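# Coordinate analysis (summary)
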Amino acid sequence: TLPNISPWPFWLSVRCKVALFVLMLVAFWCFAQVIDAFLVNLQPPPKIMLIVLMGVLFSAFLVKGAFLYIQHCSKRVLENTLQKQLLERFQQEQHALLRRRSSFYWQSLWLTHIPALRDWRYDYQVQQWVAVFTPIVIVAVVLPVNYVVDLTLVLAMPLVPFFMYLVGWGAANAQRKQFVALSRLGGMFVDRLKNLSIIASYNGFAEQYSLLRRASEQFNRRTMKVVSLAFLSNTVLDFFSTIAMALV
């Protein structure tokens, strides 16, 4: 579970990301005005337009830097807090934890799961909220320009997350099974390393090698299934994005 940390760095990251998106839209509008002046009107663009464009780009650079700094500091705080909690748990229940799970599980928890939880909080969840706010901004910006395009976007927007949810749900289930399989494979390998002397006394290296090889091949096949689902997810997103761009 996530520790009790102040939520303001998280929401500040969301605000910075949305502000960066709005600045990007303003920059695109300025670029369009400059290109329109050069190619359509065959005149140099107004100086005020160039000043606004440079100001927007500079502001976007500052907001991007602030966002990266806030995100980096927030990740460090969350990771240090989680590691501190895990160390306190180790000190309280050392032998009980080792009997409950293998040592490989606790190593992977420290090296893999804590960084993954940190990235989930400040990368994935931030992007979740940005994905909620940015369509609203797009619809509000496009409406004064062309209501037909705006209506098309409103009708097409719910389809993309719906199909992405269906594909992502299957990929998430496969990923959870993959983590369990990886933990079991690592526990099997560590168990064989601990009992090398017993294996040597019974001359069982060949048998254990074939057993580990079969388990590794099964794990590789499951990994390719997860990767294929991830590629399918990207393909669905690219397909609907292409259709939406063609309609616009």
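Keep in mind that this is a model prediction, so the values were computed, not measured.

On to a positive patch on the surface, then. Judged by side-chain charge, K177, R184, R221, R222 and K225 come together as a positively charged surface patch. When residues of the positive patch are assigned to their parent elements, the largest contribution, 3 residues, is made by helix 8 (residues 205-247). Inspection of the secondary structure puts K225 in helix 8.

With that settled, the discussion passes to a nonpolar patch on the surface. Where nonpolar side chains cluster on the molecular surface, the patch consists of L159, F162, F163, Y165, L166 and W169 and spans about 650 Å² of accessible area. For F163, the position within the fold is in helix 6 (residues 159-194). The exposure class of F163 is partly exposed, given its relative accessible area of 32%.

The computed volume of the largest pocket comes to approximately 1,200 Å³. For the largest pocket, the lining is made up of 27 residues, of which V130, A131, T134, P135 and I138 are closest to its centre. With 11 residues, helix 4 (residues 103-142) is the single largest residue contributor to the lining of the largest pocket.

Tracing the backbone through its elements, the reader meets S59 in helix 2 (residues 47-92). Of the residues examined, S59 reaches a relative accessible area of 29% and is grouped as partly exposed. Taking the C-alpha atoms as reference, S59 lies 7.7 Å from L23; in sequence the two are 36 residues apart. Side-chain polar atoms of S59 contact the backbone oxygen of G55, separated by 2.8 Å.

Cut-offs applied
Residues numbered from 1 in each chain as written. Predicted model: local features only at pLDDT ≥ 70, side-chain atom pairs only at ≥ 80, totals over all residues. Heavy atoms only, no water. Patch = residues over 30% accessible without salt bridge, like charges linked within 9 Å, V, L, I, M, F, W, Y side chains within 5 Å. Areas by Shrake-Rupley, 256 points an atom, 1.4 Å probe, with all protein chains shown as cover. Salt bridge = Lys/Arg side-chain N within 4 Å of Asp/Glu carboxyl O. Lys, Arg positive; Asp, Glu negative; His and termini not counted. Charge placed at Lys NZ, Arg CZ, Asp CG, Glu CD. Helix = DSSP H or I, 4+ residues; strand = E, 2+ residues; numbered from the N terminus. Buried < 20%, exposed > 50% of the residue type's maximum accessible area, 1.4 Å probe, protein only. 1 Å grid on protein atoms, 1.4 Å probe; cavity = no way out; pocket = protein on both sides within 12 Å on 5 of 7 lines; lining within 4 Å. Points joined across faces, edges and corners; volume = space filled by probe spheres on them. Polar contact = N/O pair within 3.5 Å; in protein donor to acceptor, adjacent residues only side chain to side chain.

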